[in-house]
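Chain residues, written in single-letter form:
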Amino acid sequence: MIKAILTDIEGTITRISFVKDVLFPYAAGQLPEFVKSHQSDPEVAAQIEAVKAHIEQPEADIDTVISHLIHWIETDQKITPLKQLQGLIWQTGYENGDFTGHLYPDAYDFLQAQKQAGKSLYVYSSGSVKAQHLIFEFSDYGDVRPLFSDYFDTKVGAKQQQSSYENIIAALPFEAAEVLFLSDVEAELDAAKAAGLGTLHLVRDGQAVSDAHPYINDFSEFSAELLA
């Protein structure tokens, strides 16, 4: 019996274009000046050191760090210090009202209904936990953070690795089989299934479907029978 839901964000409960067309360009444009002007802030300084460690250049100057960060953005690499810095930059954008966090209406209704039905809701995204909080705090529907019990990012591991889902289950008060993972990415669903979680594929943009996972095109199609 499913007692909890673990959901991806991008392509699952929010449109992919919001991240790619709004958030990523905003962060890319702001990043060089943001990193330079905030490099002494403890939160930013920690991520700068994490970049240096990742590229194995402990003495790298700030321009080298920034060039690697920009390259990671351009090549869509999901590297933790980049994600942490993007979250800090996006906070400014949200607080300034430059954009709000997009949520599909059917996803918002589904999450509300599941919460009201007694399910515990969790988030697992390649975006940092800070970025996750921001999209839900400044969402199209206002602050919806109370819907969720906890948030996970790539600090628990990559989303296409079985061990990441095992790490999440170890942190939850549920058995793997009691948790349903929602994603639009088949490889993530494969990893979650290998860890013992239930899976549901969101196919919003004409992706190929797999016999290994039940699927829906939007949450209005959801029913418990899909998971039987």
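One structure accompanies this document, and this report is about it.

Analysis parameters
- One numbering rule holds for all chains: residues counted from 1, following each sequence as written.
- Thresholds applied to this predicted model are a pLDDT of at least 70 for local features of residues and 80 or more for the giving and counting of side-chain atom pairs; totals over whole chains, interfaces and linings are not thresholded and use all residues.
- To obtain the side-chain values, all non-hydrogen atoms of the structure were used and water was disregarded.
- To qualify as a helix, a DSSP run of H or I must reach at least 4 residues; to qualify as a strand, a run of E must reach at least 2; elements of each kind are numbered from the N terminus.
- The reference for a compact globule is 2.2 Å times residues^0.38; the radius of gyration itself is calculated from the C-alpha atoms.
- Relative accessibility thresholds used throughout: buried, under 20% of the residue-type maximum; exposed, over 50%; partly exposed, between the two (1.4 Å probe, protein chains only).
- The contact rule is simple, with two residues in contact once any of their heavy atoms fall within 4.5 Å.
- Shrake-Rupley sampling with a 1.4 Å probe provides the accessible areas, and residues are treated as covered by the protein chains on show and by no other component.
- Counted as positive: Lys and Arg. Counted as negative: Asp and Glu, with His and the chain ends omitted from the count.
- Taken as the charge centre is NZ of Lys, CZ of Arg, CG of Asp or CD of Glu, depending on the residue.
- Helices are assigned an expected span. That span is 1.5 Å times one less than the residue count.
- Nine residue types can take part in a nonpolar core, namely buried Ala, Val, Leu, Ile, Met, Phe, Trp, Tyr and Cys, and a core is a set of them joined through side-chain atoms within 4.5 Å.
- Should a side-chain nitrogen of Lys or Arg be within 4 Å of a carboxyl oxygen of Asp or Glu, the pair is scored as a salt bridge.
- By the criterion applied in these results, polar contacts are pairs of N or O atoms within 3.5 Å in which, for protein atoms, one can donate a hydrogen and the other can accept it, and in which residues neighboring in sequence qualify only through two side-chain atoms.
- Note on ring pairs: Phe, Tyr and Trp rings are taken, using the six-membered ring of Trp, and paired if centres are within 6.5 Å. Classes follow the plane angle, with under 30 degrees stacked, over 60 edge-to-face and the rest tilted.
- Here, a charge over a ring means that NZ of Lys or CZ of Arg falls within 6 Å of the ring centre while also lying within 35 degrees of the ring normal.
- When the strands point away from the viewer and the path from the first strand over the helix to the second turns clockwise, the crossover is right-handed.

**Some points on the overall build of the chain**
Moving on, step 1. When helices and strands are tallied, the chain shows 8 helices and 6 strands.
Moving on, step 2. In the chain, the succession of helices and strands from N to C terminus is β-α-α-α-α-α-β-α-β-α-β-α-β-β.
Moving on, step 3. Computed over its C-alpha atoms, the radius of gyration of the chain comes to 18 Å, within 12% of the 17 Å expected for a compact globule of 228 residues.
Moving on, step 4. The principal-axis extents of the C-alpha atoms in the chain amount to approximately 55 × 35 × 35 Å.
Moving on, step 5. Classification of the 228 residues of the chain by burial places 50% in the buried group.
Moving on, step 6. Nonlocal contacts in the chain, meaning residues at least 24 apart in sequence, comprise 64% of its contacts between residues at least 6 apart.
Moving on, step 7. With the model as given, the accessible surface of the chain reaches about 10300 Å², and the carbon-plus-sulfur share is 48%.
Moving on, step 8. Treating the 15 positive side-chain charges of the chain as one cloud and the 34 negative ones as another, the clouds have centres 3 Å apart.

**Notes on helix α2 (residues 42–54)**
What sets the pattern is the α-helix's 3.6 residues per turn: residues three or four places apart point alike.
Moving on, step 1. End to end, α2 covers 18 Å across 13 residues, agreeing with the expected 18 Å (1.5 Å per residue, within 8%).
Moving on, step 2. Among the structural elements, α1 (16–38), α3 (62–74) and α4 (80–95) are those in contact with the buried residues of α2.
Moving on, step 3. Taken from the residues just after α2, Glu56 is the one with a positive phi, measuring 60°.

**Brief notes about the nonpolar core**
Moving on, step 1. Core analysis: the biggest nonpolar cluster contains 54 residues, and Leu69, Trp90 and Phe136 have the highest contact counts within it.
Moving on, step 2. Of the residues forming this core, the biggest block, 9 residues, is contributed by α1.
Moving on, step 3. Aside from chain neighbours lying at most four places away, what touches Leu69 is Leu31, Val35, Val51, Leu82 and Leu85.
Moving on, step 4. Core analysis: the second largest hydrophobic core is formed by 19 residues, Tyr165, Phe181, Ala192 and Leu197 among them.

**Digging into the side chain of Asp153**
Moving on, step 1. By the secondary structure assignment, Asp153 is in the loop between β3 (150–152) and α7 (162–171).
Moving on, step 2. Buried charge Asp153 goes without a salt bridge, the closest partner of opposite sign being Lys155 at 5.2 Å.
Moving on, step 3. Only 2.9 Å separates the side chain of Asp153 from the backbone nitrogen of Val129, close enough to count as a polar contact.
Moving on, step 4. Once residues lying within four places of it in the same chain are set aside, the contact partners of Asp153 are Gln84, Tyr124, Ser125, Gly127, Ser128, Val129 and Gln132.

**Considering the pattern of salt bridges**
Moving on, step 1. Using the criterion set out here, one finds 9 salt bridges in the structure.
Moving on, step 2. Across the pair Lys159 and Asp8 runs a salt bridge whose closest N-O atoms are separated by 2.5 Å. Within this pair, whereas Lys159 is found in the loop between β3 and α7, its partner Asp8 is found in the loop between β1 (4–7) and α1, the two being separated by 151 residues in sequence.
Moving on, step 3. Residue Lys159 is classed as buried on the basis of its relative accessible area of 7%.
Moving on, step 4. Across the pair Arg145 and Glu137 runs a salt bridge, and its minimum N-O distance is 3.7 Å.
Moving on, step 5. On the basis of relative accessibility, which here comes to 27%, the residue Arg145 falls in the partly exposed class.

**Points about the packing of aromatic side chains**
Any pair of aromatic rings gets described here by the distance separating the centres and the angle formed by the planes.
Moving on, step 1. Within this structure, the stated rule accounts for 13 aromatic pairs.
Moving on, step 2. Ring centres of Tyr94 and Phe138 lie 5.6 Å apart, and the angle between their planes is 15°; on these two criteria the pair is classed as stacked. Note that Tyr94 is positioned in helix α4 and Phe138 in the loop between α6 (129–137) and β3, a separation of 44 residues in sequence.
Moving on, step 3. Overall, the relative accessible area of 23% leaves Phe138 in the partly exposed class.
Moving on, step 4. Measuring from ring centre to ring centre gives 6.3 Å for Phe136 and Tyr151, while their planes differ by 40°; the resulting arrangement is tilted. In this pair, Phe136 sits in helix α6 while Tyr151 sits in strand β3, placing the two residues 15 residues apart along the sequence.
Moving on, step 5. Through successive ring pairs, a cluster of aromatic residues spans Tyr26, Tyr94, Phe99 and Phe138.
Moving on, step 6. Just above the ring of Tyr124 sits the side chain of Lys159; from NZ or CZ to the centre is 5.5 Å.
Moving on, step 7. The ring of Tyr104 has Arg204 lying over it, and the distance from NZ or CZ to the ring centre is 3.7 Å.

**Observations concerning the pairing of strand β2 (residues 120–124)**
Moving on, step 1. Along β2, 5 of the 5 residues are buried, which leaves the element largely enclosed by surrounding structure.
Moving on, step 2. Every second residue of β2 is oriented toward a common face, with Ser120, Tyr122 and Tyr124 on one face and Leu121 and Val123 on the other, all of them buried.
Moving on, step 3. In this fold, β2 hands off to α6, which returns the chain to β3; that crossover is right-handed.

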